Amino acid sequence: MLRKLCFCVCAFIVAVNSACANDLKEIRERGVLRHLGVPYANFVTGSGDGLDVEIVQLFARHLGVRYEFVQSTWGDVIGDLTGKEIRFKPTVQTIGSRPVRGDIIANGMTILPSRQKVLDFSDPTFPSAVWLLARPDAQAKPIKPSGDREFDIKATKAVMKTGTTFVMDNSCLDPTLYDLEGKGLKLKRFTGSTVINDIVPAMLKRESDMTLLDVPDVLLALELWPGQIKVIGPISGEQRMAAGFRKDSPELREAFNVFLADIKKDGTYMRLVKKYFRVAPRYLPEYFRDIPTGK
């Protein structure tokens, strides 16, 4: 009996140490920082680069450890970080456990209240918002900006009644975040893939008249498909993207925040922004105005 008790205690200690052995000290001892990422926009391109990829690579170098990329999916990435199976609807619940595969999520993840219940976020790494897009031949017409964001959002939502709109559950394009359910709108769950990048091509194939899309993807879409899409108006107020950390990794998160502030001051951050999101400072000047420009 005593032997069994000792075994259980040791197993518990090992489990606790495994769960907690991912903060700054343990990562330095391990010698590797595992970056969880989902190919998305130009944050993680899927080709070994991207804004968030380069930022985390520089962070790993700053810590003096090796960088390792661990690819995930939008449905799995939070579980891959926390080691928990999490259900977000109808409420946030932990329904099981899973292996921890990484130390930091960085792939243009929007800070959302539901995610804040299970993750700690860094200081903002990029600005965002959700807009409504349509094909040029769709009945929807762009709203006339009024200068009042709430008024513009209501006007944009009214335009959604003119056709079908792609949405994506458990993402920043989730209709429940913007009070779109039960309003008589023709919402169409995008199920063609788990990759947000695939939504605009599907819309252009006439699978939907319109789509919700976050600003970073809108900026890329305008460059990739010039003249093939039109921006109707805003669905959300301003949002922020950030890196995600386990709630038991406060030192790693703080080290990242200090590092992020430093690369913003020395111009490195803006150099990377211009590399991957060339037009972002023009479309989102308020966010980038006071950040020093890279050479």
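Residues numbered from 1 in each chain as written. Predicted model: local features only at pLDDT ≥ 70, side-chain atom pairs only at ≥ 80, totals over all residues. Heavy atoms only, no water.

Visitor: Would you mind showing me how to read the overall build of the protein chain here?
Guide: Counting its secondary structure elements, the protein chain contains 12 helices and 13 strands. In summary, the protein chain has a C-alpha radius of gyration of 21 Å against a globular reference of 19 Å for 295 residues, a match within 12%. Along the first, second and third principal axes, the C-alpha set of the protein chain runs to 75 × 50 × 35 Å. Sorting the 295 residues of the protein chain into buried and exposed places 49% on the buried side. For the protein chain, contacts bridging at least 24 residues in sequence account for 74% of all contacts bridging at least 6. Summed over its atoms, the accessible surface of the protein chain is roughly 14500 Å², and 53% of this surface lies on carbon and sulfur atoms. The averaged location of the 35 negative side-chain charges in the protein chain is 2 Å from the averaged location of its 42 positive side-chain charges. (Helix = DSSP H or I, 4+ residues; strand = E, 2+ residues; numbered from the N terminus. Rg over C-alpha atoms; globule rule 2.2 N^0.38 Å. Buried < 20%, exposed > 50% of the residue type's maximum accessible area, 1.4 Å probe, protein only. Contact = heavy atoms within 4.5 Å. Areas by Shrake-Rupley, 256 points an atom, 1.4 Å probe, with all protein chains shown as cover. Lys, Arg positive; Asp, Glu negative; His and termini not counted. Charge placed at Lys NZ, Arg CZ, Asp CG, Glu CD.)

Visitor: Hey, could you run me through the sheet that holds strand β10 (residues 186-189) in this one?
Guide: Whenever strands of a sheet pair, they do so through backbone hydrogen bonds, lying parallel or antiparallel. Spatially, β10-β9-β11-β8-β12 is the arrangement adopted by the 5 strands of the open sheet, whose pairing is mixed. Edge positions in the open sheet fall to β10 and β12 (230-234), since each of these has one partner strand only. The average undirected angle you get between the axes of adjacent strands in this sheet is 35°. Here strand β9 (residues 164-167) pairs with strand β11 (residues 210-214) via 2 bridges, running parallel. Along β11, the bridge assignment pairs Thr 165 with Met 210. Against the sheet, helix α6 (residues 149-159) touches β8 (130-134), β11 and β12, its axis set at about 125° to β12. (Pairing = 2+ DSSP bridges. Axes fitted to C-alpha atoms, helices over the stretch in contact; angles between N-to-C directions.)

Visitor: Can you walk me through helix α10 (residues 268-276) in this structure?
Guide: Since the α-helix turns once every 3.6 residues, residues separated by three or four places project in the same direction. Within α10, the full set of buried residues consists of Thr 268, Tyr 269, Met 270, Leu 272, Val 273 and Tyr 276. Looking at the buried residues of α10, the elements they touch are α3 (51-63), β7 (126-128), α8 (215-224), α9 (250-265), α11 (280-283) and α12 (285-288).

Visitor: Looking at this structure, how should I read the nonpolar core?
Guide: Ranked by internal contacts, the top residues of the largest apolar core, which has 91 residues, are Phe 126, Leu 212, Tyr 269 and Phe 288. The element that contributes the greatest number of residues to this core is α3, accounting for 7 residues. Setting aside its immediate chain neighbours within four residues, Leu 212 contacts Val 130, Trp 131, Leu 132, Met 160, Thr 165, Phe 166, Val 167, Leu 173, Tyr 178, Leu 180 and Ile 235. (Core = buried A, V, L, I, M, F, W, Y, C linked by side-chain atoms within 4.5 Å.)

Visitor: Whenever I open this one, the packing of aromatic side chains confuses me. Can you help?
Guide: Aromatic rings in a pair are described by how distant their centres are and how their planes are angled relative to each other. Applying the stated criterion across every chain, the model contains 12 aromatic pairs. With a centroid separation of 4.8 Å and an interplanar angle of 40°, the aromatic rings of Phe 43 and Phe 277 are classed as tilted. Of this pair, Phe 43 sits in the loop between β1 (32-37) and α3 while Phe 277 sits in the loop between α10 and α11, and the two are 234 residues apart along the sequence. Each of the two residues, Phe 43 as well as Phe 277, counts as buried. A centroid spacing of 4.8 Å and a plane angle of 45° characterise the contact between Phe 126 and Phe 277, whose relative ring orientation is tilted. One end of the pair, Phe 126, is in strand β7; the other, Phe 277, is in the loop between α10 and α11, and 151 residues separate them in sequence. (Phe/Tyr/Trp six-rings, centres within 6.5 Å; stacked < 30°, edge-to-face > 60°.)

Visitor: Where do I start with the pairing of strand β4 (residues 93-97) in this structure?
Guide: Remember that side chains alternate between the two faces of the sheet whenever the strand is regular. As judged from the 4 bridges shared by strand β3 (residues 84-87) and β4, these two strands associate in the antiparallel manner. The partner of Ile 86 across the bridge, within β4, is Thr 94. Linking β3 to β4, which pair antiparallel, is a turn of 5 residues.

Visitor: Explain the layout of surface pockets to me, please; I cannot follow it from the model alone.
Guide: One way to see where empty space is left: roll a probe the size of a water molecule over the atoms. As a volume, the largest pocket reaches approximately 610 Å³. Lining the largest pocket are 31 residues, and of these Phe 88, Asp 169, Asn 170, Ser 171 and Asp 174 sit closest to its centre. Secondary-structure elements contributing two or more residues to the lining of the largest pocket are α4 (77-82), β3 and α5 (113-116). Sorting elements by how many residues they give to the lining of the largest pocket places β3 first, with 4 residues. The residue inventory of the lining of the largest pocket, partitioned by class, reads 11 nonpolar, 9 polar and 11 charged. Roughly 260 Å³ of volume is contained in the second largest pocket. If you go around the second largest pocket, you meet 13 residues; those closest to its centre are Ile 143, Pro 145, Asp 152, Gly 233 and Pro 234. At the level of secondary structure, the elements contributing two or more residues to the lining of the second largest pocket comprise α6 and β12. Ranked by residue count, the leading element in the lining of the second largest pocket is β12, at 4 residues. When the residues that make up the lining of the second largest pocket are grouped by side-chain class, the tally is 7 nonpolar, 3 polar and 3 charged. (1 Å grid on protein atoms, 1.4 Å probe; cavity = no way out; pocket = protein on both sides within 12 Å on 5 of 7 lines; lining within 4 Å. Points joined across faces, edges and corners; volume = space filled by probe spheres on them. Nonpolar A, V, L, I, M, F, W, Y, C, P; charged D, E, K, R; others polar.)

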